[in-house]
Amino acid sequence: MDETTLPPAIDDGSLLIRYLVDLHGSDFQRRLLSALSGDGLATFTGILDRGAFARLARGLAALYPHPDADPDGLTLLHARESGETLGKRGFSDAELLPHTERSCTMVPPHLLMLMCLTPGLHGGETLLIDGRSVAEDLARTEPESWRVLSGPRTAYFGGAAGHAGSIFEHLSSGRWMIRLRLDELVRFAPQALPHVAILRKVIGRHTKTLLLEPGQGFILDNTRWLHGRRSFQGPRTMLRALGELREGLSPERGFPVLLTDLERTTGKGCT
């Protein structure tokens, strides 16, 4: 997997089914929060219009004021820009490499919510990568790469007002978060570059594909799951919401890492 090539698009529907939460019934929010606490990801079906998606998103989160969002806090994603426009590839039909949404900010939004309005005629599959699986794989198989990529200031994310930090960041809660992008808006420290190449291969091993139909979508922990997209043709249109969990709701940011070997490779305990 090089810097411009994504894994093959294979979607047999199992990813949607595995993480599916039924939004019917009075306890659907409890079930959503349980899924987010355990897996960091929940999929859904049957949300057929913008208003229903907005209600779902606002019930979980205080929506994040993204620069491209509309007044209702949602962002309409469709091909309106050239894929070569810096930082605007999400508004084109070009591929999107796996990334953390708003990686350039000090505190990226906790939740990313996406719903399909219209699928593309060809392509446009969503790519999802569990950062916990990547972290545990990397630490087990390439401990030196884990040590370097979890070190301080190994990458600079964004432009002039960006953020210098780690790809894997140890949080005060004892959990970990992943922060990554692989496009022209990231600069890696020289000592990190060979380990980023290894990280790409590990990401490739854990990339899952999801082809969304109208009314289908997902909610993910943006500090745990990376997301991307294959290039597409046709009128693919998605709605996106970003947000912070409402006060009193339980899922924490990030993920635990359960490999005891990490204590020897990083000097830090694991939860």
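This one's a predicted model, so the numbers in the text were calculated from it and none came from an experiment. (Residues numbered from 1 in each chain as written. Predicted model: local features only at pLDDT ≥ 70, side-chain atom pairs only at ≥ 80, totals over all residues. Heavy atoms only, no water.)

Topic: helix α4 (residues 131–141)
So the rule is basically this: Buried residues are those whose accessible area, probed at 1.4 Å on protein chains only, stays under 20% of the maximum for their type, while exposed residues exceed 50% and partly exposed ones sit between those limits. By the criteria applied, helices consist of DSSP H or I runs no shorter than four residues and strands consist of E runs no shorter than two, each listed in order from the N terminus.
Along α4, eight of the eleven residues are buried, which leaves the element largely enclosed by surrounding structure. Those residues of α4 lying buried are Gly131, Arg132, Val134, Ala135, Glu136, Asp137, Leu138 and Ala139.

Focus on the pattern of salt bridges
Let me state the cut-off plainly: A pair is scored as a salt bridge if a Lys or Arg side-chain nitrogen falls within 4 Å of a carboxyl oxygen belonging to Asp or Glu.
In the structure shown here, the tally under the stated rule is 13 salt bridges. Linking arginine 240 and glutamate 101 is a salt bridge whose minimum nitrogen-to-oxygen distance equals 3.0 Å. One end of the pair, arginine 240, is in strand β17 (residues 237–245); the other, glutamate 101, is in the loop between β4 (96–99) and β5 (111–118), and 139 residues separate them in sequence. Accessibility assignment for this pair places arginine 240 and glutamate 101 in one class, buried. Between aspartate 137 and arginine 205 there is a salt bridge; the shortest N-O distance is 3.0 Å.

Regarding unusual backbone geometry
Phi is positive for arginine 102, close to 60 degrees, though the residue is something other than glycine. Relative to the helices and strands, arginine 102 is located in the loop between β4 and β5. Residue arginine 102 is classed as partly exposed on the basis of its relative accessible area, which comes to 22%. Non-glycine residue arginine 153 carries a positive phi angle of around 50 degrees. Here arginine 153 lies in the loop between α5 (143–149) and β8 (155–157).

A closer look at the sheet that holds strand β12 (residues 186–188)
Basically, it comes down to this: The rule for pairing is simple: two strands pair if DSSP sees at least two bridges between them. Axis definition: a line fit to C-alpha positions, over the contact stretch in the case of helices; interaxial angles, taken between N-to-C directions, run 0 to 180 degrees.
Taken in spatial order, the three strands make up an open sheet running β9-β8-β12, and their pairing is antiparallel. Taken across any chain shown, the strands that pair with only one partner, and hence form the sheet edges, are β9 (163–165) and β12. Pairs of neighbouring strands in the sheet enclose a mean axial angle of 15 degrees, with direction left out of account. As judged from the three bridges shared by β8 and β9, these two strands associate in the antiparallel manner. In the strand pairing of β9, phenylalanine 157 is matched with histidine 163.

Focus: the packing of aromatic side chains
So the rule is basically this: Planes of paired rings set the category: under 30 degrees apart is stacked, over 60 is edge-to-face and the rest tilted, where pairs are Phe, Tyr or Trp rings (Trp by its six-membered ring) whose centres lie within 6.5 Å. Ring-over charges, as used throughout, are those where CZ of Arg or NZ of Lys falls within 6 Å of the ring centre and within 35 degrees of the ring normal.
Evaluated as defined, the whole model comprises four aromatic pairs. With a centroid separation of 5.9 Å and an interplanar angle of 85 degrees, the aromatic rings of tyrosine 19 and tryptophan 225 are classed as edge-to-face. One end of the pair, tyrosine 19, is in the loop between α1 (14–18) and α2 (28–38); the other, tryptophan 225, is in strand β15 (residues 225–229), with 206 residues separating them in the sequence. On the basis of relative accessibility, which here comes to 0%, the residue tryptophan 225 falls in the buried class. Linked through ring pairs, Trp146, Phe168 and Trp176 together constitute an aromatic cluster. The ring of phenylalanine 157 carries arginine 179 above its face, with NZ or CZ at 5.9 Å from the centroid. Seen from the ring of phenylalanine 232, arginine 236 lies directly overhead, with NZ or CZ sitting 5.5 Å from the centre.

Side note on the sheet that holds strand β13 (residues 207–210)
The pairing of strands in a sheet happens through backbone hydrogen bonds and is either parallel or antiparallel. This is how the line gets drawn: Here, residues are in contact when the closest pair of their heavy atoms is within 4.5 Å.
Strand order across the open sheet formed by four strands is β4-β15-β7-β13, with antiparallel pairing between neighbours. Two strands close off the open sheet at either side, each with one partner strand: β4 and β13. Looking at each pair of strands side by side, their axes are set apart by 20 degrees on average, direction ignored. Judged from the four bridges that link them, strand β7 (residues 126–130) and β13 form a sheet pairing that is antiparallel. By the bridge assignment for β13, isoleucine 129 is matched with threonine 207. On the sheet, α4 packs against β7 and β15 and is oriented at approximately 50 degrees with respect to β7. On the sheet, helix α6 (residues 193–205) packs against β4, β7, β13 and β15 and is oriented at approximately 45 degrees with respect to β13.

From the geometry alone we can't say anything about function, so treat these as descriptive.
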